[in-house]
Amino acid sequence: MSSKVIVPLLLGIVAIGLMQFTFAEELEEVTFVTVDEEKFKQPESKYSYQQLIISGFIEDYSRGSLITFVIILPDESQIEISTYAARNGEIYMPYHITDDSVIGIHKIILIYHDEEIASTSFEILDNQ
């Protein structure tokens with residue numbers, strides 16, 4: 001192959017690689033919150049539970065800053081859980097679903113610096 005073909009081909013490969021790397025970097029910088037499963041059956045026994053994992057990322061997280069999850073239950077009552085993210089802004093928090101958990105859709109709101117920055121939801125189904 002002549003250098004007239006190889007050089008443009010190599011430059012094209014490098015350009016595509018750089019664009020993919022830049023795009024991947026941009027995706028990592030987006031604030032979000034998610035759950036590992038969207039539907040759970042309510043445990044039948046008071047001696048068992050299911051674990052929901054709430055995870056996500058906070059863009060521009062300041063190390064040591066408190067974050068709050070507000071979980072709005074189907075009956076409109078709320079549970080507030082305060083915690084911290086990792087130094088790089090990653091979030092990982094387990095949440096237990098028990099036989100006392102309310103059946104229906106639960107909304108999770110992520111609050112950082114007194115501002116709602118992301119949300120998601122999950123559903124607890126009747127165990128029957």
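These numbers come from a predicted model, not from an experiment.

S.K.: Lay out the nonpolar core in plain terms, naming residues and giving numbers.
M.R.: L52, I54, I67, F69, L110 and F122 are the most contacted members of the largest nonpolar core, which has 22 residues in total. Considering each element in turn, this core owes the most residues, 4 residues, to strand β6 (residues 90–97). Apart from the residues within four sequence positions on either side, F122 is in contact with V35, E37, E38, F40, L52, Y95, I97, G104, I105, H106 and I108.

S.K.: Go over the sheet that holds strand β7 (residues 104–112), please, and point to the residues and values.
M.R.: As summarised here, the arrangement of the 5 strands in space is β2-β8-β7-β4-β5, forming an open sheet in which the pairing is mixed. Where the open sheet ends on each side, the last strands, each with one partner, are β2 (39–41) and β5 (78–84). Taken over all neighbouring pairs, the strand axes of this sheet differ in orientation by 25° on average, direction set aside. The pairing of strand β4 (residues 66–72) with β5 spans 7 bridges and is classified as antiparallel. By the bridge assignment, I72 is partnered in β5 with Q78.

S.K.: Account for the sheet that holds strand β1 (residues 32–35), with residues named and values stated.
M.R.: Pairing in this open sheet of 3 strands is antiparallel, and the strands run β1-β3-β6 from one edge to the other. Bordering the open sheet on either side are β1 and β6, each of which pairs with just one other strand. Geometrically, the sheet is characterised by an average inter-axis angle of 20° between neighbouring strands, direction not taken into account.

S.K.: Could you give an account of the pairing of strand β8 (residues 115–125), naming the residues involved and the relevant values?
M.R.: Of the strand pairs in this sheet, β2 and β8 are connected by 3 bridges, and their pairing is parallel. Counted as the bridge partner of K39 is E123 from β8. As judged from the 9 bridges shared by β7 and β8, these two strands associate in the antiparallel manner. Of the residues in β8, the one forming a bridge with Y112 is E115. The turn joining β7 and β8, which pair antiparallel and follow one another in sequence, is formed by 2 residues; a positive phi near 55° is taken by H113.

S.K.: Please give an account of the pairing of β4 that cites residues and values.
M.R.: Most of β4 sits out of view: 6 of its 7 residues are buried. As paired elements, β4 and β7 share 6 bridges and run antiparallel to each other. Bridge pairing in β7 places I67 opposite Y112.

S.K.: Explain the packing of aromatic side chains to me, using residue names and the numbers behind them.
M.R.: One pass over the full model with this rule turns up 3 aromatic pairs. With a centroid separation of 6.4 Å and 90° between ring planes, the pair formed by F40 and F122 is classed as edge-to-face. Taken together, the residues F40 in strand β2 and F122 in strand β8 connect sequence positions 82 residues apart. Looking at F40, the relative accessible area reads 2%, which means it is buried. Members of the aromatic cluster, connected to one another through ring pairs, are F40, Y95 and F122.

How each quantity is defined
Sequence positions are assigned chain by chain, starting from 1 and proceeding in written order. The predicted nature of this model means local features are confined to residues of pLDDT at least 70 and side-chain atom pairs, given and counted, to a pLDDT of 80 or more, with totals for whole chains, interfaces and linings taken over all residues. Remark: hydrogens and water are excluded; side-chain values derive from all non-hydrogen atoms of the structure. In this description, a nonpolar core means a group of buried Ala, Val, Leu, Ile, Met, Phe, Trp, Tyr and Cys residues linked to one another through side-chain atoms lying within 4.5 Å. Here the term buried applies to any residue with accessible area under 20% of the maximum for its type, exposed to any over 50%, and partly exposed to those in between, with areas from a 1.4 Å probe on protein chains only. Helix and strand definitions here come from DSSP, where helices need a minimum of 4 consecutive H or I residues and strands a minimum of 2 consecutive E residues; each element is numbered from the N-terminal end. Contact between two residues is taken to exist if any of their heavy atoms lie within 4.5 Å; hydrogens are not considered. When DSSP locates at least two bridges between a pair of strands, those strands are taken to pair. To obtain an axis, a line is fitted to C-alpha atoms, over the contacting stretch when the element is a helix, and the angle between two such axes runs from 0 to 180 degrees between their N-to-C directions. Geometry of aromatic contacts follows a simple scheme: Phe, Tyr and Trp rings, the Trp one being its six-membered ring, pair when their centres are within 6.5 Å, and the pair is stacked under 30 degrees between planes, edge-to-face over 60, tilted otherwise.

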